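A structural walkthrough
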Amino acid sequence: MSENSPYPEQKEQEKVRKEKKQTAPIQRNEQQKQTNQERADQEYHDKQADNESQREHEAPTPQPRPSSQIHSSPQAHQHHQDHQVQLSLPNQVYSQQQKSTLQRIHDRSLKAVVIGLGYVGLPMAVEMAQSGYRVHGIDIDAGKVAKLSASHSYIIGIEDNVLQPLLQAGLFTAGTDYTAVADAEVIVICVPTPLTDTHQPDISYISSAVGRMTPYLQEGSLIILESTTYPGTTEEHVKQPVEAERSWTVGEQFYVCYSPERVDPGSEHYSVKNTPKIIGGSTPACLSYGTQFYGSFLNEVVPVSSTTVAETAKLFENTFRSVNIALVNELTPACEQMGVNIWEVLQAAATKPFGYMPFYPGPGIGGHCIPIDPIYLSWAASRQGSELRFIELADATNRRMPEHVVQRAAALLEQRGISIRGARVVLAGVAYKKDIDDLRESPALDVFRLLSAAGAEVVFTDPMVPVFRQDDGSMLSSHPTSPELWTWADLVIITTDHTGFNYQQMADHAHLIFDTRNATAGYHGGNIVVLGQPVQHEMQSAQDTKTKPHENLQGKMGDDYGES
């Protein structure tokens, strides 16, 4: 049971039962005053000092930094669920080359290559470099490489003043040439894994990276795949191609691990360093190398028994989110018709201190994880003859939300005597979530397409996204927020709840606001309709609110406000 368990009573009972089983009295008066993390750290050091019999074997030297914790898998530490414990790795005899590499991990003289410098790869490369490793990043986008070489970051959370000292010290470099792999002991692959046009897994970027790097691999290299993918990918598309081309044996001449990325773009609380790192190896020797490497600069490493377990764990994490979001998204239209405010329902339910985790409705799901990961899992299960109908239903439910938003928008306009065809609509936010510039799978883009197809005149404003490319290849620019922009629109749809928006200004000047994120909670205005709000209430508001004639801004602000 983890420290974040939603069942505090069971956790406490388990703790009491374990303490009763102790064969020697342990004084913990001061320890009880510490936080969960401090108690875990204290036990770790106690076990190291006392060499208690519960530890099966020592991990191979050199040890990771004391600040790092290596966990055993849940099966291996069932009786230590409330504490962080050191992984007990199998006994093995290390060759001189292996000992040398472990020593180079310890003294940071090892060189690493990160393939793919996007939302996952660049933060990982920077974290490695900040810990003292020499890191070379490879990306096929020469534009990105040029920016990084000039100390200009394009990733939120990685500032220019972070890159500059790393570049000056020679700890981080970037390029497009795979020959740099020849000088590296560790290669970390962080390339995209999208869906094809037919909604199938697309691992072509993984295959390309492996194919291009394999000729340059040196014997003893450790390859770690971080890209989210279906179970079996690491073995089938990383290990086997290298074995075939180089005639090497995994665990002897080279080492392979899978460690799924867990990046939360824009998060102020979780980074690469403090997010627990799951890792699985093709062999015990591979796992040993991987845990030693990541444990040398990350706070927590969580080894599991295989690469397929690690791959499946990542997919399940986001499938869990997709299914629960779909449940709320399916309930939202029902609550609208039943006259129940879904937001009040969710707020009340969230007061339960155990056995509940809140999820919220919205215009759809976005980003690389939630819309895609469950499809990878479902596809992998179908290869073995299993049908994951829950996942497929959740995906269909979530993907219907943009259509529901547009239908609601059309109904709201109709109540005010305005046809959606020719209506002026402003989308407030096109990024897939607040305070980031990531457009991947953003539901706001689907809302934009559907509104345009219905004949609406659509523009957008987003403080994080200056432009985006439309389906026809043309570029559409963001409009600055202003009272004039809100007044120009027949309808403002809040599709992304950026903190940079002035919601009170919006409410003061917009004729009608459809808020799909509950971003206007606490703001005043009789012209606000919230997704999940009872439809009956909206109809009454429409009768009570006098529609303001919108001002034609042609000549005042330029013709561009009318362009889509």
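First things first, this report covers the structure right here in the doc.

Cut-off values and rules
Residues numbered from 1 in each chain as written. Predicted model: local features only at pLDDT ≥ 70, side-chain atom pairs only at ≥ 80, totals over all residues. Heavy atoms only, no water. Helix = DSSP H or I, 4+ residues; strand = E, 2+ residues; numbered from the N terminus. Expected span 1.5 Å × (residues − 1). Buried < 20%, exposed > 50% of the residue type's maximum accessible area, 1.4 Å probe, protein only. 1 Å grid on protein atoms, 1.4 Å probe; cavity = no way out; pocket = protein on both sides within 12 Å on 5 of 7 lines; lining within 4 Å. Points joined across faces, edges and corners; volume = space filled by probe spheres on them. Nonpolar A, V, L, I, M, F, W, Y, C, P; charged D, E, K, R; others polar. Phe/Tyr/Trp six-rings, centres within 6.5 Å; stacked < 30°, edge-to-face > 60°. Lys NZ or Arg CZ within 6 Å of the ring centre and 35° of its normal. Salt bridge = Lys/Arg side-chain N within 4 Å of Asp/Glu carboxyl O. Polar contact = N/O pair within 3.5 Å; in protein donor to acceptor, adjacent residues only side chain to side chain. Disulfide = S-S within 2.5 Å. Contact = heavy atoms within 4.5 Å. Pairing = 2+ DSSP bridges. Axes fitted to C-alpha atoms, helices over the stretch in contact; angles between N-to-C directions.

1. A closer look at helix α9 (residues 284–295)
- Given a rise of 1.5 Å per residue, 12 residues ought to cover 16 Å, and the 16 Å separating the end C-alpha atoms of α9 matches this to within 8%.
- Counting buried positions along α9 gives 11 out of 12 residues, so the element sits mostly inside the fold.
- Regarding α9, the residues found buried are Ala285, Cys286, Leu287, Ser288, Tyr289, Gly290, Thr291, Gln292, Phe293, Tyr294 and Gly295.

2. A closer look at empty space enclosed by the protein
- Throughout the structure, instances matching the rule amount to four cavities of 30 Å³ or more.
- The space that makes up the largest cavity amounts to roughly 90 Å³.
- Val120, Met124, Glu226, Pro260, Glu261, Arg262, Val263, Val272, Thr275, Pro276 and Lys277 together form the lining of the largest cavity.
- In terms of residue class, the lining of the largest cavity is built from six nonpolar, one polar and four charged.

3. Structural notes on the environment of Gly211
- Mapping Gly211 onto the fold places it in helix α7 (residues 204–213).
- By relative accessible area, Gly211 is classed as partly exposed at 41%.
- Sequence-wise, Gly211 and Val238 are 27 residues apart; in three dimensions their C-alpha atoms are separated by 9.0 Å.

4. Quick look at the packing of aromatic side chains
- If you walk through the whole model with that rule in mind, you get 15 aromatic pairs.
- Here Tyr230 and Trp379 contribute two aromatic rings whose centre-to-centre distance is 4.7 Å and whose plane-to-plane angle is 55°, an arrangement assigned as tilted. In this pair, Tyr230 is assigned in the loop between β6 (222–225) and α8 (233–246) and Trp379 in helix α12 (residues 373–383), connecting sequence segments 149 residues apart.
- For Tyr230, a relative accessible area of 4% corresponds to the buried category.
- With a centroid separation of 6.0 Å and an interplanar angle of 75°, the aromatic rings of Phe501 and Tyr503 are classed as edge-to-face.
- A relative accessible area of 5% means that Phe501 is categorised as buried.
- Between Lys277 and the ring centre of Tyr294, over which it is positioned, the NZ or CZ distance is 4.9 Å.

5. Side note on the pattern of salt bridges
- For the coordinates displayed, the defined rule picks out 12 salt bridges.
- As a salt-bridge pair, Lys314 and Glu261 come within 3.6 Å of each other at their nearest N and O atoms. Of this pair, Lys314 sits in helix α10 (residues 307–338) while Glu261 sits in the loop between β7 (255–258) and β8 (277–281), placing them 53 residues apart in sequence.
- A residue is classified by how much of its surface remains accessible, and Lys314, at 3% relative accessible area, is buried.
- The exposure class assigned to Glu261 is buried, which follows from its relative accessible area of 5%.
- Taken together, the shared-partner salt bridges in this structure form one network comprising Asp446, Arg449 and Asp471.

6. Observations concerning the side chain of Asp438
- For Asp438, the location among the structural elements is in the loop between β10 (424–428) and α15 (443–453).
- Of note is the side chain of Asp438, whose polar atom sits 2.8 Å from the side chain of Arg440.

7. So, unusual backbone geometry
- A positive phi is found at Ser151, a non-glycine position, where the angle reads about 65°.
- By the element assignment, Ser151 lies in the loop between α5 (142–149) and α6 (160–168).
- Positive phi values are uncommon outside glycine, yet Asn518 reaches one of about 60°.
- Secondary-structure assignment places Asn518 in the loop between β15 (513–515) and β16 (528–530).

8. Examining the state of the cysteines
- Counting across every chain of the model gives zero disulfides.
- Between Cys257, a cysteine without a disulfide, and Cys286, which holds the nearest cysteine sulfur, the sulfur-to-sulfur distance is 5.7 Å.
- In this structure Cys286 comes out as buried when scored by relative accessible area, which is 0%.

9. Let's talk about the side chain of Glu261
- Polar contacts involving the side chain of Glu261 include one to the main-chain amide nitrogen of Val263, which spans 3.0 Å.
- Residues in contact with Glu261, not counting those within four places in the same chain, are Val120, Glu226, Thr228, Lys277, Lys314 and Cys369.

10. Details of the sheet that holds β15
- A sheet is described by the order of its strands in space; here five strands give the open sequence β11-β10-β14-β15-β16, paired in parallel fashion. Among the strands making up the open sheet, the edge pair consists of β11 (457–461) and β16. Strand-to-strand twist in this sheet, taken as the mean axis angle between neighbours without regard to direction, amounts to 20°.
- Taken strand by strand, α15 contacts β10, β11 and β14 (491–494), and its axis lies near 175° from that of β10.

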